[in-house]
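The chain contents come next:
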Amino acid sequence: MRLARLTALLSLIVSFALPATAEPLAKQLFGAKTLPSRQVPAAYGSYAKGCMAGAVQLPETGPTWQAMRLSRNRNWGQPETLDFIRDLSAFAAKQPGWQGLYIGDISQPRGGPMISGHSSHQLGLDIDIWMLPPSRLNLTRSERENISSISMQRAKGAYVNDSWSRVHHEVLKAAASDPRVARIFVFPGAKVQMCKDEKGNRKWLNKIRPWWGHHYHFHVRLACPKGMRGCVNQDPPPQGDGCADAQQWVNNILSPPPPKPRDPNAPAPKPRREYVLADLPQQCVGVLKSQ
């Protein structure tokens, strides 16, 4: 009996002594799943710290879209996400020179952290949409692995380049005007250009948020579907059209502010720890275990 108690005590001490990195990383666990869980569709947690149950796969090719980079197996999302893609791509297909949309990453089959590429896209509610206007929707799997989107930026993102068109403006406007959308990330110069070009209702511009990168694609983030209690929405953007804020981003690109002086006595910043399963919402354990 005493030996059993001693063994249990030693086991407990060792478990507390082991660093969190001794556990499998959450991105390895979720990245290994090739199929969704057999559960009711749900999102648990936040966009950058969560998982997805009962995901639905976006068909590789639809009447007005194609899913790209199929080898990544990231064309999985919530039912509402697939509905949004169908609607926006149908709108895009009506624009001159566009056959629809090329769809990049959504989420892995069970959401969660990815081994590479994103810190968000964990709930099946984030969508990367290529800036490249689709001229055809019969690309082979091989072509979808090798074709690239095109950049819209000039001067490190301060301005749009000659590839930017009014159709880009209208597609982004249609996406931002959709009540299902929480925000859209795009490079600062594109937001400023849209602010200059929009002559009508400017309310939708509030959802267009400047962010680094996002010049080969724009990133649509849907709000948590109604009734999905485990899903955590991001705080809404500040009120107003956000154009002054975007212009400040551009100003900082063109004339970078001097770096802030660093306190020599301040401790060095710690690198962000990789998530393990225990860091995610408790429901994510069930999502992983589900057949």
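Everything below is about the structure printed above this text.
Residues numbered from 1 in each chain as written. Predicted model: local features only at pLDDT ≥ 70, side-chain atom pairs only at ≥ 80, totals over all residues. Heavy atoms only, no water.

Here the focus is the nonpolar core. One recurring pattern in soluble globular proteins: nonpolar side chains tend to sit buried together. In this structure, Phe84, Ile103, Ile127, Ile184, Met194, Phe218 and Val220 are the most contacted members of the largest nonpolar core, which totals 45 residues. Contributions of two or more residues to this core are made by β5 (65-67), α3 (79-93), β7 (101-103), β8 (126-130), α5 (166-177), β11 (181-186), α6 (188-197) and β13 (217-222). Residues contacting Ile127, with those up to four places away along its chain left out, are Thr81, Phe84, Ile85, Ile103, Asp105, Ile106, His121, Phe218, His219, Val220 and Leu222. (Core = buried A, V, L, I, M, F, W, Y, C linked by side-chain atoms within 4.5 Å. Buried < 20%, exposed > 50% of the residue type's maximum accessible area, 1.4 Å probe, protein only. Helix = DSSP H or I, 4+ residues; strand = E, 2+ residues; numbered from the N terminus. Contact = heavy atoms within 4.5 Å.)

Our focus in this paragraph is the environment of Asp241. Positionally, Asp241 belongs in the loop between β13 and α7 (243-254). Those residues within four positions of Asp241 in sequence are excluded, and the remaining contacts are Lys191, Arg202, Leu205 and Asn206. At a separation of 3.4 Å, a polar atom in the side chain of Asp241 contacts the side chain of Arg202. A polar side-chain atom of Asp241 sits 2.9 Å from the main-chain amide nitrogen of Cys243. (Polar contact = N/O pair within 3.5 Å; in protein donor to acceptor, adjacent residues only side chain to side chain.)

Another aspect to go through is the packing of aromatic side chains. Across all of its chains, the model carries three aromatic pairs by this definition. Note on Tyr102 and Trp130: the rings are 6.1 Å apart at their centroids and 80° apart in plane angle, and the pair reads as edge-to-face. With Tyr102 in strand β7 and Trp130 in strand β8, this residue pair connects regions lying 28 residues apart in the sequence. One exposure class covers both Tyr102 and Trp130, and it is buried. With a centroid separation of 4.9 Å and 50° between ring planes, the pair formed by Trp212 and Trp249 is classed as tilted. Of the two residues, Trp212 sits in the loop between β12 (208-210) and β13 while Trp249 sits in helix α7, which places them 37 residues apart along the sequence. Classification of Trp249 by relative accessible area gives buried; the value is 18%. (Phe/Tyr/Trp six-rings, centres within 6.5 Å; stacked < 30°, edge-to-face > 60°.)

Without other data, these values stay purely geometric and don't point to any function.
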